[in-house]
Amino acid sequence: MSYQRSEDKTPKRKQPFQSVIEATPDRTLLLVVTFLVIIGFLAIFSASAPRCLYEGGNPAQFLIKQLGAFVVGVAGLCWFAHYDYKKLPKWNNFLVIAIIILLILVKFTSLGVNVNGATRWIYLFGLQLQPSEFAKPVVVLLLASVFREDADLFDQRKWIFAIIPILVIIALIFIQPNLSMVILLLSTSVVMFLCAGGSMKLFLSCLVAGIAAIVVAATTIIKPYQMQRLMIWRNPEIDPQGAGYNIIQSLMAFASGGFTGVGYGGSIQKLRYLPECHTDFIFAIIAEEMGFLGCLMVIGLFFTFVQRGFIIAGRCPDMYGKLLAVGLTFSIGFQAFLNMSVASSFLPATGVPLPFISYGGSSLIVSLWMVGILLNISKKRIKKIRNVNESAK
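Quick look at the structure, then.

Basis of the calculations
Residues numbered from 1 in each chain as written. Predicted model: local features only at pLDDT ≥ 70, side-chain atom pairs only at ≥ 80, totals over all residues. Heavy atoms only, no water. Helix = DSSP H or I, 4+ residues; strand = E, 2+ residues; numbered from the N terminus. Buried < 20%, exposed > 50% of the residue type's maximum accessible area, 1.4 Å probe, protein only. Contact = heavy atoms within 4.5 Å. Areas by Shrake-Rupley, 256 points an atom, 1.4 Å probe, with all protein chains shown as cover. Pairing = 2+ DSSP bridges. Salt bridge = Lys/Arg side-chain N within 4 Å of Asp/Glu carboxyl O. Axes fitted to C-alpha atoms, helices over the stretch in contact; angles between N-to-C directions. Patch = residues over 30% accessible without salt bridge, like charges linked within 9 Å, V, L, I, M, F, W, Y side chains within 5 Å. Expected span 1.5 Å × (residues − 1). Left-handed = near helix turned anticlockwise from the far one by under 90°. Nonpolar A, V, L, I, M, F, W, Y, C, P; charged D, E, K, R; others polar. Core = buried A, V, L, I, M, F, W, Y, C linked by side-chain atoms within 4.5 Å.

When its secondary structure is counted, the protein shows 13 helices and 5 strands. When the 393 residues of the protein are sorted by exposure, 47% land in the buried category. Partitioning the intrachain contacts of the protein with sequence separation of at least 6 by distance along the chain shows that 71% fall at a separation of at least 24. Looking at the protein as shown, the accessible area adds up to about 19700 Å², and 67% of this sits on carbon and sulfur atoms.

Below, the structure written as structure tokens:
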């Protein structure tokens, strides 16, 4: 925007005016994600190779599968980075219907895959997908669309086009059961509601009601194994060979790693001591092999990711983009917090993977697609131009 000096002596406005500019995608965010994905490849190979050798398979078979998901994820990242995010709302109805259909197929048809008592995956066209992972960006897209004007929860249109579909999605995920994903989706929804200017009184009222509902659920709805997780959380030694086994083995990995770690590939816990060490507990293997310094590096990368995501939200010129950036950033950042907290026994055990790092094609693909949308939003920025009189001082 050009600005010409006026010849008259009338005072100029002191406040700088703003202009929306087209900038390059956030390179810091892209660099952080690149480092996280590379760390993930290294950790997956190290954690899964002993298991593959034990089963007589290719030691790199999990890494190869993850590389395949990475290719799909990067393709989607590039597409979303160039597709105008303001056009995304027109896909809302299609995405909601697709997610609900997939979640129904997972739970109520033979296409669903049951692992450790939970049916969260589906086989389609020879591929195993986890639909609940794809629900994360869909929920963010819906809420950003309806909250961009205001956060009035008593608006009938918001219930029809967003809140009811989200409640259906959450209910279908809850009965899989996947309580950790339900917590993640609800937390993301609350954060977006508050960022959109939602009523704090209403939030506190819902919080009190939610706590009461949790108390009721603890005695009526929550599965026995979920309640057992809470009981074992702080006292895993109560059942060292049962429910407390994973927590104990994970903490042993942290203790063995010390400050600098035992070295890449030197983990003992991955030798069939720590189950799911390449998925839910991969952070424990990183702690053992890379030590406190390695954990600090991973935490620092996720902290930088969240910081850049919120900076992108702050710079975005429109409310829809701001809410979209906040929701996507919080979803990935909070999921990382949950995973690392569980591995270090800071929180009770949940079943969420560590974004970009844990083995899991659905998680990696969705996370990279979400980053693509963030990069797209980062290209639209508000540029503040100082007053000419101020610049001349």
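On to the pairing of strand 3 (residues 118-124), then. In terms of burial, strand 3 is a largely internal element, 5 of the 7 residues being buried. Note: strand 2 (residues 112-115) against strand 3, 4 bridges, orientation antiparallel. Within the sheet, the bridge partner assigned to V113 lies in strand 3 and is W121. With 3 bridges connecting them, strand 3 and strand 4 (residues 127-129) associate as antiparallel partners. The partner of Y123 across the bridge, within strand 4, is Q128. Once strand 3 ends, the chain turns through 2 residues before running back antiparallel as strand 4, passing F125 with a positive phi of about 55°.

In total, this model carries 7 salt bridges according to the counting rule given. Across the pair D26 and R308 runs a salt bridge, and its minimum N-O distance is 2.7 Å. In this pair, D26 is assigned in the loop between strand 1 (17-22) and helix 1 (27-54) and R308 in helix 10 (residues 282-315), connecting sequence segments 282 residues apart. Assigned by exposure class, D26 and R308 land together as buried.

What follows concerns the sheet that holds strand 3. Strand pairing in a sheet relies on backbone hydrogen bonds. The paired strands run either parallel or antiparallel. Across the sheet, which stays open at both edges, the 3 strands sit in the order 2-3-4 with antiparallel pairing between neighbours. This sheet does not close on itself; its edge strands, each paired only once, are strand 2 and strand 4. Direction aside, the axes of adjacent strands within the sheet are offset by 40° on average. The strands touched by helix 3 (residues 92-108) are strand 2 and strand 3; relative to strand 3, the strand with the most contacts, the crossing angle is about 110°.

Turning to a nonpolar patch on the surface, a few remarks are in order. Residues I38, L42, F45 and Y264 make up a contiguous nonpolar surface patch of roughly 380 Å² in combined accessible area. With respect to the secondary-structure elements, Y264 resides in the loop between helix 9 (245-257) and helix 10.

This part covers helix 4 (residues 131-147). With 17 residues, helix 4 should reach 24 Å at 1.5 Å per residue; the first-to-last C-alpha distance of 25 Å fits that figure. Counting buried residues along helix 4, 17 of its 17 residues qualify, which places the element largely inside the surrounding structure.

A few words on the packing of helix 11 (residues 319-343) against helix 12 (residues 361-378). Where helix 11 meets helix 12, the closest approach of the two axes is 10 Å, and the angle between their N-to-C directions is 145°. For the pair helix 11 and helix 12, the crossing hand works out as left-handed. Every residue of helix 12 that contacts helix 11 at G321, L324, A325, L328, T329, S331, I332 and Q335 is listed here: S363, S367, M370, I373, L374 and I377. In terms of residue class, the contact of helix 11 with helix 12 is built from 8 nonpolar, 6 polar and no charged.

Before going further, it helps to examine the nonpolar core. General note: in soluble globular proteins, nonpolar side chains tend to be found buried as a group. L88, F302, F305, L324, F356 and I357 are the most contacted members of the largest nonpolar core, which has 96 residues in total. Counting residues per element, this core draws most heavily on helix 11, at 14 residues. Residues within four places of I357 in sequence aside, it is in contact with L36, I39, G40, I44, I282, I286, V298 and F302.

This part covers the packing of helix 9 against helix 10. Two elements in contact, helix 9 and helix 10, have axes whose closest approach is 7 Å; the angle formed by their N-to-C orientations is 35°. Seen along the crossing, helix 9 lies across helix 10 with a hand that is right-handed. On helix 10, the residues touching S250, A253, F254, S256 and G257 of helix 9 are F283, A284, A287, E288, G291 and C295. In the contact of helix 9 with helix 10, the residues fall into 6 nonpolar, 4 polar and 1 charged.

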